[in-house]
Amino acid sequence: MARQQPPPWVHTTFLFCLLSLSGAIEIPMDLSQPPTITKQSVKDHIVDPRDNILIECEAKGNPAPSFHWTRNSRFFNIAKDPRVSMRRRSGTLVIDFRSGGRPEEYEGEYQCFARNKFGTALSNRIRLQVSKSPLWPKENLDPVVVQEGAPLTLQCNPPPGLPSPVIFWMSSSMEPITQDKRVSQGHNGDLYFSNVMLQDMQTDYSCNARFHFTHTIQQKNPFNLKVLTNHPYNDSSLRNHPDMYSARGVAERTPSFMYPQGTASSQMVLRGTDLLLECIASGVPTPDIAWYKKGGDLPSDKAKFENFNKALRITNVSEEDSGEYFCLASNKMGSIRHTISVRVKAAPYWLDEPKNLILAPGEDGRLVCRANGNPKPTVQWMVNGEPLQSAPPNPNREVAGDTIIFRDTQISSRAVYQCNTSNEHGYLLANAFVSVLDVPPRMLSPRNQLMRVILYNRTRLDCPFFGSPIPTLRWFKNGQGSNLDGGNYHVYENGSLEIKMIRKEDQGIYTCVATNILGKAENQVRLEVKDPTRIYRMPEDQVSKRGTTVQLECRVKHDPSLKLTVSWLKDDEPLYIGNRMKKEEDSLTIFGVAERDQGSYTCVASTELDQDLAKAYLTVLGRPDRPRDLELTDLAERSVRLTWIPGDDNNSPITDYVVQFEEDQFQPGVWHDHSKFPGSVNSAVLQLSPYVNYQFRVIAINEVGSSHPSLPSERYRTSGAPPESNPSDVKGEGTRKNNMEITWTPMNATSAFGPNLRYIVKWRRRETRETWNNVTVWGSRYVVGQTPVYVPYEIRVQAENDFGKGPEPDTVIGYSGEDLPSAPRRFRVRQPNLETINLEWDHPEHPNGILIGYTLKYVAFNGTKVGKQIVENFSPNQTKFTMQRADPVSRYRFSLSARTQVGSGEAVTEESPAPPNEAYTNNQADIATQGWFIGLMCAVALLVLILLIVCFIKRSRGGKYPVREKKDVPLGPEDPKEEDGSFDYSDEDNKPLQGSQTSLDGTIKQQESDDSLVDYGEGGEGQFNEDGSFIGQYTVKKDKEETEGNESSEATSPVNAIYSLA
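Anyway, here's the lowdown on the structure attached to this text. Just so you know, these numbers come straight off a predicted model, no measurement behind them. (Residues numbered from 1 in each chain as written. Predicted model: local features only at pLDDT ≥ 70, side-chain atom pairs only at ≥ 80, totals over all residues. Heavy atoms only, no water.)

**Comments concerning the overall build of the protein**
For step 1, the next point in the chain: When helices and strands are counted, the protein shows six helices and 84 strands.
For step 2, the next point in the chain: Counting contacts in the protein only where the partners sit at least 6 residues apart, residues at least 24 apart contribute 65% of the total.
For step 3, the next point in the chain: About 56,800 Å² of surface is accessible on the protein, with carbon and sulfur atoms providing 49% of the total. (Helix = DSSP H or I, 4+ residues; strand = E, 2+ residues; numbered from the N terminus. Contact = heavy atoms within 4.5 Å. Areas by Shrake-Rupley, 256 points an atom, 1.4 Å probe, with all protein chains shown as cover.)

So, in structure tokens, the structure goes:
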């Protein structure tokens, strides 16, 4: 944040006071006066031949002056030449070529004379020249033959143009010639080679001249170079090599000067112009140039180096810049120097230029004409264009060298005097008139002006007047009698009143009074004092990231009687308020800040009288600019030094540099990261791989982001070598059951190390003594066919190029293709309780690959009802599974298979054992619908009927029959209950639960009566009613193939029952 002082043109007070306090006295134009030249052409007037010629000459005087011209010091009769005319009320010449004519015919030295009855004024001697752009002479240029390493100068010798043309070198195809410290253009237009290299033959060289007035470019026939060399191949890897010259067989030599010749020279320069010193040296390696001044330092404020330090320019030369300068050309072989003696001369320049002299009759005065130069100029006085010596004598006039003294002047002394001062380098001509007038005082400004000024400012009240003799001027305030001078007031010689610091009490009416012996004149100025405009809350410096929003405050206090305007400047230029900016009464908001928004912002609060400025600087943090000028040095077989010039960090320090490379063999156009370096370095040694044609670029990084990549460096190819590594990620995997595909990650350009990179692939079965099979492959895969299923192989892959083989490779184990696995072994289903079922199995006997898991499919069923199939996947190491039953009565059917990459193998199927009482229920549900079961029931019913008949007969006879006691059916020789209190079921077991009965809905429930036995098997069921009670006797028959023992329960047939009753 900074407050700026308003420039002096801001205040109306100063606008009112434009007349210089020491300027020449101006005679009002209504008074008689001699001529005065007001406008003229430059001394060296060069014109375009395609346009009409205009030679300017304007003058004022009363009466209006007339004009005439001389050409080459002789009267130029305008009336005799129809092409020449003079503008009305002017002395300007117009030469018209529309009707023909050659402009060159009018070249010469012209001078204008402006005359009235009081004298004659002269213009400068104007040298008229017509611009020339001559054609280049046709010439056939033989090829320039030069030995590599030798110096060479290609001369331009442009045709002499007016003004001198601008010289530049290009190829015949209009491509600019790249210049550096080895190849550069001299000030004279020649092209200098400090030493010629083979690559200089890649183009031709044509000198071009651009002419200013005609806007044309002329091209000289091109030079063709033929470079003789001991190393005919232009190997890019040798370019910029520290030993590039010796590598190419070029002998190194000490510097010598190509321009200027010898060890010393001299140069003359005119004061006020630019001094250009030039030294161009040859040598191998290319010399460096340094500049010095004998006995002192170079003027740092005026000196600058050009053309790769081969030229020294000193601007606006003065006498103290004369002396001895020397340039030092040096390389590692030695150094030489050239001394240039500089002499500063000077065309005449004014020390005291003569000014118009206004006198009253009888007054004294003088004209002074003082000039300096080197050599010292001579002074010649003229009057009305004639030498003073040949003018009529005037007793009131005395010449004393550079001064003319006038005493007791009279009206007859009026004239225009010319002072001509000259030396060999130029001349100066000045007009000054002597006017003798008798005029009472008169005011030259409007009367009764209002002047508004700002409090506390320095203010000057001007009161322009004229009179002869020169009047005296006094100032008064508010009609008071005392003269204002001293203290806060100061009156200048020309009558202006300065108030050093305006206060409120200075407001009022000021009167200026001019008095001479012929009378007096007065004028008034009313002064109003206003409060200053002040910015009391100024914008502050800010640092912002790109894309954010910034607000700059600017709050202003001003005089309420004045209209306030607030505007903004950016970098001291008016700010364009675009759609990203919002200007409010007291602030400026910038949305989405970008890099282009960085700069100084000035709030300008202004009224018609004054203004206040406040400046703040907005710093935008942006991505860095790209690095530039990449250079490769210290080139070696496996390393190179890369140097670059950092770009602008855009206000955020560079933290890192990323060096990338590109090669043109494996992946041309693709850039890879090579290395990363801290942001404090701009040079690094890069480790390289053999047989890579490298090209590098650099990216700068700061907190905001990454720069654009630099332009790429030159290419550098390293020499080849056998590979030092082998491909990585070697694998052997089957894609089919009878093959094995060997794959690897191919080596990139930085690991190939040589041309024709290939791979030697070897394989054999593991743990055998088979010989190695091998094949050479250029890709990244090889398929081995006719392999057994999933057999391990030993694999080796070795890199090889034209320079040799890589190191012995490591052995990798791979496998041939997989197949479907066999079924899991020993699949067991156990039910420890009514809530869970445990499954166990063993791995397949023939996995035929890598097991990736097991798939279990199971479904619940209850009689004819089947539930939804459920699928479970297990890891290859899992061989157990516990399932929670959904209900205690349903059974489950399980199907288990193993999986490899190929798919699922053969499945093994088992069912869960029936829960207690479920067999009976199931048998009832299944048997009741069978035909044979219905027939059996009918037979039983018939037997019961017979039995009842027999019993009835017995009772009718009075006999009694014995009733057999109920007989429990044994469970078998072994108790199925194991020691751990659980039951062990397998799919072969099917044992009954006693005391249960099947309900109508197919479920099993406990029988209400304890007086009967329910035995189940294949025989069905029966009930007998005796003495009001039910006695049921059933048999249980087991299939010998489904029981573990050979036990059976005793069965009683109906026939036996009848016999027992009998």
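Here the narrative resumes.
**A closer look at the pattern of salt bridges**
For step 1, the next point in the chain: Applying the stated rule across the entire model yields 50 salt bridges.
For step 2, the next point in the chain: The shortest N-O distance in the salt bridge between glutamate 139 and lysine 220 comes to 3.6 Å. A residue pair is termed long-range when its members are at least 10 positions apart, and glutamate 139 in the loop between β12 (126-130) and β13 (144-147) and lysine 220 in the loop between β19 (216-219) and β20 (225-228) qualify at 81 residues.
For step 3, the next point in the chain: Residue classification places glutamate 139 among the partly exposed residues on the basis of a relative accessible area of 29%.
For step 4, the next point in the chain: Between arginine 641 and aspartate 634 there is a salt bridge, and its shortest N-O distance comes to 3.3 Å. (Salt bridge = Lys/Arg side-chain N within 4 Å of Asp/Glu carboxyl O. Buried < 20%, exposed > 50% of the residue type's maximum accessible area, 1.4 Å probe, protein only.)

**Regarding the nonpolar core**
For step 1, the next point in the chain: Counting 30 residues, the largest nonpolar core has Ile53, Ile55, Trp69, Leu93, Tyr106 and Tyr110 as the members making the most contacts within it.
For step 2, the next point in the chain: Mapped by element, the contributors of at least two residues to this core are β4 (53-55), β5 (57-62), β6 (66-71), β9 (93-95), β10 (108-116) and β12.
For step 3, the next point in the chain: Among the nonpolar cores identified, the runner-up in size contains 22 residues, and Leu461, Cys463, Ile502 and Val525 belong to it. (Core = buried A, V, L, I, M, F, W, Y, C linked by side-chain atoms within 4.5 Å.)

**What to know about the packing of aromatic side chains**
For step 1, the next point in the chain: One pass over the structure, following the stated rule, counts 19 aromatic pairs.
For step 2, the next point in the chain: On the basis of an interplanar angle of 45° and a centroid distance of 5.6 Å, the ring pair of tyrosine 858 and phenylalanine 894 is categorised as tilted. Taken as a pair, tyrosine 858 in strand β75 (residues 853-862) and phenylalanine 894 in strand β79 (residues 891-899) lie far apart in primary sequence, 36 residues in all. Here tyrosine 858 and phenylalanine 894 have matching classes, each one buried.
For step 3, the next point in the chain: An aromatic cluster is defined as three or more aromatic residues linked by ring pairs; in this entry it consists of Trp841, Tyr854, Phe874 and Phe881.
For step 4, the next point in the chain: Geometry around tyrosine 427 places lysine 43 over its ring, the cationic atom sitting 4.2 Å from the centre. (Phe/Tyr/Trp six-rings, centres within 6.5 Å; stacked < 30°, edge-to-face > 60°. Lys NZ or Arg CZ within 6 Å of the ring centre and 35° of its normal.)

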